[in-house]
Amino acid sequence: MLSVGRVHLPSDIPIVGCELTPYVLLRRPDKSVVTEDVTEFNPIDGHFLRYRWYRVQSDRNVAVCSVHPTEQATLQCLGCLKAKLPVSKSYHCSPKCFCDSWQHHRVLHERAASAVNENGNEEEEVFGRFNSTGGTTSSMVSMSTSQSNPSFSNGTTALYPAAVTQKNGGETWFEVGRSKTYTPTADDVGHVLRFECVVVDAETNLAVGAPVALSTSRVIPAPSPIPRRLISVSGMDVSGHLDMDVRISSGGTFTALSYNILSDAYATNELYSYCPTWALSWTYRRQNLLREIVGYRADIVCLQEVQSNHFEEFFAPELDKYGYQALFKRKTAEVEFNKAAQSLTDAVIPPAQKKNALNRLVKDNVALILVLEAKFGNQAVDSPGKRQLVCVANTHVNMHQDLKDVRLWQVHTLLKGLEKIAASANIPMLVCGDFNSVPGSAPHALLAMGKVDPAHQDLTVDPLVSAYSSFGRAGVGLGLEQRRKMDPATNEPLFTNCTRDFIGTHDYIFYSADSLTVESLLELVDEESLRKDTALPSPEWSSDHIALLAEFRCKSRTRRRSTQRRSSSGDTLFKKRIRKVIDKKVCQQQLVNLSSCLNFVTGDAKAPSPACCTELHKDIEQIQMLSLRPC
């Protein structure tokens, strides 16, 4: 007869909104084991499993500490109640807990006070506080104007009978689920959950033997970070001057989010030992990440480190509930970076060295490029008869610190792909992703300055500009507060990646400033607020990176022509620069010039020589000269 051998949960700390799936081990009469779900629709040996979930409620209500959610609360902050903050944020387990967390806790009070403006209206602050005027028709991940509110499903029936069994000691059991999995709700906070499974005879539908049960610790609310506000930077051009024409002649706006969500394959206890095990588990992190992502309400979402099974089984169906359409590119041996590597080695590397060169260049990193048609409300940007296209690139560049040359080559390859698109149409460009390159590094310089010297006297608009550099030009108010979180030397955020062993900037949103202006930016995070949990990830933030989000406004075509006339000799247009760059002969010469790196790329040399890649620098200088010549 089929019997239950073992039942356990990966984590005994249940969290609101995070699915619980017990591990059930079954034994057959022949001593073999079964771990699959055995339901009445697929019985084994004439038997199946019946599941029940109960909420165990005692006569005494229990509050949970907001800082240490596994501890029972013993005091409450009255300031939180007066400020109308969520009640769960007001509880603490001890006076010491309250005192230690006061520096961070008082920020909640300050935010609550500042959330009421001069007219007495409350600002929306939870992640993305803004309301879009419309959505895009398609995107890397795009949001339509209508949104749904998905609810938890905990069995075949939505509601269950009230008290099922009255137990000794003043406990009452309420049946809350009839499937193997259960997602705790707000009603479960502070209560213990009990899971039972029993073997049932398929013919008689009667239980065989006693049920096997386990109980969890008390359900805790999902930890929520301090909301990040959207800071307006509109009216500033890329040189920091107030540009009133932009406000008058611009079209509609759209928002773009870039976020490295930390792959579950990398979220190990060895790397992130400071993060509680339950907060590092994928069942918790995926719900916390989803809640954050949809909370920003971005029109375009670019995610990195998304595993293929997580995309297919979780992100694609869940984001679809909110009106998003998703496109995914998996790491495979057929990605474009690898095809480019094959072309490069075929062109310039002797056959005997080709294997070593490919081993260095082929790293299965991917870049995804889409051309989207944007709609703002029911009208196009300039007129109903004209289409507004936006080209969006999303990438994750190689992370290994000893492969700096490979990172530069991958960024160069990505730009080449964008050049082909830009050569055919003058459309706005967005380049998002984790470049694993700090500000001032060669890949960052190639993206931010690469083809035109930014100090040139005739240059007024860069082809690609970092969106967050707008904070570096901010004046008074909230913008000045964000400026303190910027590195003045590089005009980039002080960090977007914060772990125990590293803090720095690897993530960027670049845009074409001749066709787009930045309206608003999601505020940056204080390092101090993150260090209270040592580093990222944490129970509040489920990735070791922070999300970046920018709101853009498309310049009207009239505005673009005016900008272009102010450019040097009419040749600083991105498209015209690119046409010269992608000249076939120039590209062929670039491949030949890369041969100076062969000894290092093929592995024959342990370190690059001083002369290594000098020809590549010459190529960049040549491109700069070509870019500055008139047509």
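Procedures and definitions
Residue indices begin from 1 for each chain and proceed along its sequence in written order. Predicted model: local features are reported for residues with pLDDT of at least 70 only, side-chain atom pairs are reported and counted for 80 or more only, and whole-chain, interface and lining totals are derived from all residues. Note: side-chain values were computed over all heavy atoms of the structure, leaving out hydrogens and water. Helix numbering and strand numbering both begin at the N terminus, where a helix is a DSSP run of H or I of at least 4 residues and a strand a DSSP run of E of at least 2. We call a residue buried when its accessible area falls under 20% of the maximum for its residue type, exposed when it is over 50%, and partly exposed in between, using a 1.4 Å probe and counting protein chains only. When checking whether two residues touch, look at their non-hydrogen atoms; a contact exists if any pair is within 4.5 Å. The Shrake-Rupley method, run with a 1.4 Å probe sphere, supplies the accessible areas, and residue values consider only the shown protein chains as cover. Without a salt bridge and with relative accessible area above 30%, a residue can belong to a patch; like charges are then joined within 9 Å and nonpolar side chains (Val, Leu, Ile, Met, Phe, Trp, Tyr) within 5 Å. When a carboxyl oxygen of Asp or Glu is within 4 Å of a side-chain nitrogen of Lys or Arg, the pair counts as a salt bridge. Residues belong to one nonpolar core when they are buried, are Ala, Val, Leu, Ile, Met, Phe, Trp, Tyr or Cys, and are joined through side-chain atoms within 4.5 Å. Cavity and pocket criteria rest on a 1 Å grid covering protein atoms alone: a 1.4 Å probe that fits but cannot get out defines a cavity, protein on both sides within 12 Å along at least 5 of 7 lines defines an open pocket, and an atom within 4 Å of a point defines a lining residue. Grid points are joined across faces, edges and corners, and a volume is the space filled by probe spheres set on the points. Side-chain classes are defined by residue name, with Ala, Val, Leu, Ile, Met, Phe, Trp, Tyr, Cys and Pro counting as nonpolar, Asp, Glu, Lys and Arg as charged, and the others, Gly among them, as polar. In this scheme, strands are said to pair when DSSP sees at least two bridges between them. Identification of polar contacts relies on pairs of N or O atoms within 3.5 Å, with a donor-acceptor requirement for protein atoms, meaning one able to donate a hydrogen and the other able to accept it, and with residues adjacent in sequence counted only if both atoms are side-chain atoms. The aromatic pairing rule takes the rings of Phe, Tyr and Trp, using the six-membered ring of Trp, and pairs them if the centres are within 6.5 Å, calling planes under 30 degrees apart stacked, those over 60 edge-to-face and the rest tilted. Per-residue confidence from the predictor is reported as pLDDT, which spans 0 to 100.

1. A look at the overall build of the chain
- On a plain count of helices and strands, the chain comes out with 18 helices and 26 strands.
- Every one of the 631 residues in the chain was classed for burial, and the buried ones make up 49%.
- Considering only contacts within the chain whose residues lie at least 6 apart along the sequence, 73% involve residues at least 24 apart.
- Carbon together with sulfur atoms contributes 51% to the accessible area of the chain, which is approximately 29400 Å² in total.

2. Description of a nonpolar patch on the surface
- Side chains of L78, L81 and V87 sit close together on the surface and give an oily, nonpolar patch of about 260 Å² of accessible area.
- Mapped onto the secondary structure, V87 falls in the loop between α1 (78-82) and β6 (91-92).

3. As for the nonpolar core
- Counting residues in hydrophobic clusters, the biggest one holds 58 residues, and the most contacted among them are I261, I293, L430, Y511 and F552.
- When near neighbours in sequence (up to four residues on either side) are disregarded, I293 contacts L257, Y259, I261, V301, L303, F315 and L319.
- Counting 25 residues, the second-largest nonpolar core is a separate cluster that includes L20, V38, C197 and V198.

4. A short note on the layout of surface pockets
- The calculated volume of the largest pocket comes to roughly 920 Å³.
- Along the wall of the largest pocket there are 38 residues; nearest its centre are S66, V67, K89, P223 and E540.
- When residues of the lining of the largest pocket are traced back to their parent elements, those giving at least two are β6, α2 (95-100) and α3 (102-114).
- Considered class by class, the residues forming the lining of the largest pocket number 23 nonpolar, 9 polar and 6 charged.

5. Considering the sheet that holds strand β1 (residues 3-8)
- Here we have 3 strands laid out as an open sheet, ordered β1-β2-β3, and antiparallel in their pairing. Of all the strands in the sheet, the pair left with one neighbour each is β1 and β3 (33-34).
- In this sheet, β3 lies alongside strand β2 (residues 23-27) in antiparallel orientation, the contact comprising 2 bridges. For L26, the partnering residue across the bridge sits in β3 and is V34.

6. Thoughts on the pairing of strand β18 (residues 429-434)
- Within β18, 6 of the 6 residues are buried, which leaves it mostly tucked inside the rest of the structure.
- Going residue by residue along β18, you find M429, V431 and G433 tucked away on one face and L430, C432 and D434 tucked away on the opposite face as well.
- In this structure, strand β17 (residues 388-396) lies alongside β18, joined through 6 bridges in parallel fashion. Paired with V392 across the two strands is L430, which belongs to β18.
- By the bridge criterion, 5 bridges tie β18 to strand β24 (residues 507-511) in an arrangement that is antiparallel. Along β24, the bridge assignment pairs V431 with F510.

7. Describing the pattern of salt bridges
- Counted under the stated rule, the structure contains 15 salt bridges.
- When the shortest N-O distance is used, the salt bridge between R28 and D45 registers 3.1 Å. Taken as a pair, R28 in the loop between β2 and β3 and D45 in the loop between β3 and β4 (47-57) lie far apart in primary sequence, 17 residues in all.
- Put simply, R52, E175 and R178 are held in one network by salt bridges that share partners.

8. Observations regarding the side chain of S512
- The residue S512 is located in the loop between β24 and β25 (516-522) in this model.
- Polar side-chain contacts of S512 include one of 2.9 Å to the side chain of S515.

9. A few points about the sheet that holds β18
- Sheet architecture is open: 5 strands sit in the order β16-β17-β18-β24-β19, paired in mixed fashion. Of all the strands in the sheet, just β16 (367-374) and β19 (465-466) have a single pairing partner and so form its edges.

10. A look at unusual backbone geometry
- Cis geometry is adopted by the peptide bond preceding P537, which originates at L536 and carries an omega value of 0°.
- Along the chain, the position of P537 falls in the loop between α13 (527-531) and β26 (548-555).
- The backbone of T534 shows a phi angle near 75°, a positive value even though the residue is not glycine.
- Of note, T534 is situated in the loop between α13 and β26.
- Judged by its relative accessible area of 34%, T534 is partly exposed.

11. Here we look at the packing of aromatic side chains
- For the structure on display, the rule yields 16 aromatic pairs.
- Between the aromatic rings of Y54 and W173, the centroid separation amounts to 5.5 Å while the plane-to-plane angle is 40°, which identifies the pairing as tilted. Taken together, the residues Y54 in strand β4 and W173 in strand β9 (residues 171-177) connect sequence positions 119 residues apart. As far as the burial class goes, Y54 and W173 line up, both buried.
- Look at Y511 and F552: their rings are 5.4 Å apart centre to centre, the planes differ by 55°, and that puts the pair in the tilted class. Note that Y511 is positioned in strand β24 and F552 in strand β26, a separation of 41 residues in sequence.
- Among the aromatic residues, those joined into a cluster by ring pairs are Y51, W53, Y182 and F195.

12. What to know about the confidence of the model for the chain
- Predicted confidence across the chain gives a mean pLDDT of 74, with 64% of residues reaching 70 or more.
- Confidence over residues 240-250 falls short of pLDDT 50; this stretch has 23 contacts with residues more than four positions distant or in other chains.
- With pLDDT under 50 throughout, residues 562-588 is counted as low confidence; its partners more than four residues away or in other chains account for 57 contacts.

13. Some details on the pairing of β2
- Where β1 and β2 come together, 5 bridges link them in antiparallel fashion. Residue pairing for β2: S3 is matched across the bridge by R27.
- Hairpin connection from β2 to β3: 5 residues lie between these consecutive antiparallel strands, with K31 at a positive phi of about 75°.

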